[in-house]
Amino acid sequence: MHDLQELLDNNARWAESINERDPEFFAKLARQQTPEFLWIGCSDARVPANEIVGMLPGDLFVHRNVANVVLHTDLNCLSVIQYAVDVLKVKHILVTGHYGCGGVRAAMQDQQFGLIDGWLRSIRDLYYVHRHDVAQLPTEEAQVDRMCELNVIQQVSNVAQTTIVQNAWHRGQALSIHGCIYGIKDGRWKSLDTNISGLDQLPQQYRLRPIG
């Protein structure tokens, strides 16, 4: 069992090791934040964003929630996207799920889990749409993993449908959204070949004109 002092000691050793390699690292980090990537991922403790893609602190702007969901009513997630796009001017948004996601698995069941049920409702709706195709897969694990992929694809669309992203495209800002997934069993992060870089890739009903 870890206690707070052990974590503090770990931090001290980590900071010292960074300083040994680059004495100016933290000074440079404190002066500016200029990441080119926004990571929208799952809160699962086994999915450490920076480490997965080999990036240092300051290289990746990160938002995490259960099952990497992007809801148009979630002011927390939308605020992160707005700051990343409008202020930091990130060039890429990486929507990253992971295989075996507990949130996705819960959304596929008829059991109550509590407050989280409301949060996962959109994934439950998505599962209902794809339930017959998913049921053709041979094992429960394969079914859950396929839903993890479908969830990422849906969340990429949700990001692209925000006025934040669409206004960036209207301004001519270079911005791409990518759907990716991480395998906890093998540590590999891969693209789902779901990429959106402009309004012309959206269904007509989701394209919004700028105000004024």
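Nothing here was measured: the structure is a model prediction, and the numbers come from that model.

1. Focus: the overall build of the chain
- Looking only at helices and strands, the chain has nine helices and five strands in total.
- Across the chain, helices and strands are ordered from the amino to the carboxyl terminus as α-α-β-α-β-α-β-α-α-α-α-α-β-β.
- Relative to its full complement of 212 residues, the chain shows a buried share of 40%.
- Long-range contacts, defined here as pairs at least 24 residues apart, represent 63% of the contacts in the chain between residues at least 6 apart.
- By element, 53% of the accessible surface of the chain is carried by carbon and sulfur atoms, the whole surface being about 12300 Å².
- Within the chain, one finds 19 positive and 24 negative side-chain charges whose respective centroids are separated by 7 Å.

2. Remarks on the environment of Arg131
- Looking at the element boundaries, Arg131 is found in helix 7 (residues 121–135).
- Residue classification places Arg131 among the partly exposed positions, given a relative accessible area of 26%.
- Note: C-alpha distance between Arg131 and Gly103 (28 residues apart in sequence) is 16 Å.

3. Section: the pattern of salt bridges
- Taken as a whole and judged by the stated rule, the model has seven salt bridges.
- Across the salt bridge formed by Asp22 and Lys28, the nearest N and O atoms sit 3.3 Å from each other.
- A salt bridge links Asp86 to Arg171; the shortest N-O distance between them is 3.2 Å. One end of the pair, Asp86, is in helix 4 (residues 75–87); the other, Arg171, is in the loop between helix 9 (163–170) and strand 4 (176–182), and 85 residues separate them in sequence.
- In this structure Asp86 comes out as partly exposed when scored by relative accessible area, which is 26%.
- Given the relative accessible area of 46%, Arg171 is considered partly exposed.

4. Here we look at the packing of aromatic side chains
- Inspection of the entire model under this criterion finds four aromatic pairs.
- With 6.0 Å between their ring centres and 20 degrees between their planes, Trp39 and Trp189 make a pair best called stacked. Linking Trp39 in strand 1 (residues 37–42) with Trp189 in strand 5 (residues 189–196), this pair joins segments that are 150 residues apart in sequence.
- Taking the centre distance of 5.8 Å and the plane angle of 35 degrees together, the rings of Phe61 and Tyr83 count as tilted.

5. A look at unusual backbone geometry
- Even without being a glycine, Asn68 presents a positive backbone phi close to 40 degrees.
- Along the chain, Asn68 turns up in the loop between strand 2 (60–65) and helix 4.
- Even without being a glycine, Asp193 presents a positive backbone phi close to 55 degrees.
- Within the secondary structure, Asp193 sits in strand 5.
- Taking relative accessible area as the criterion, Asp193 reaches 66% and is therefore assigned exposed.

Conventions and cut-offs
- Residues numbered from 1 in each chain as written.
- Predicted model: local features only at pLDDT ≥ 70, side-chain atom pairs only at ≥ 80, totals over all residues.
- Heavy atoms only, no water.
- Helix = DSSP H or I, 4+ residues; strand = E, 2+ residues; numbered from the N terminus.
- Buried < 20%, exposed > 50% of the residue type's maximum accessible area, 1.4 Å probe, protein only.
- Contact = heavy atoms within 4.5 Å.
- Areas by Shrake-Rupley, 256 points an atom, 1.4 Å probe, with all protein chains shown as cover.
- Lys, Arg positive; Asp, Glu negative; His and termini not counted.
- Charge placed at Lys NZ, Arg CZ, Asp CG, Glu CD.
- Salt bridge = Lys/Arg side-chain N within 4 Å of Asp/Glu carboxyl O.
- Phe/Tyr/Trp six-rings, centres within 6.5 Å; stacked < 30°, edge-to-face > 60°.

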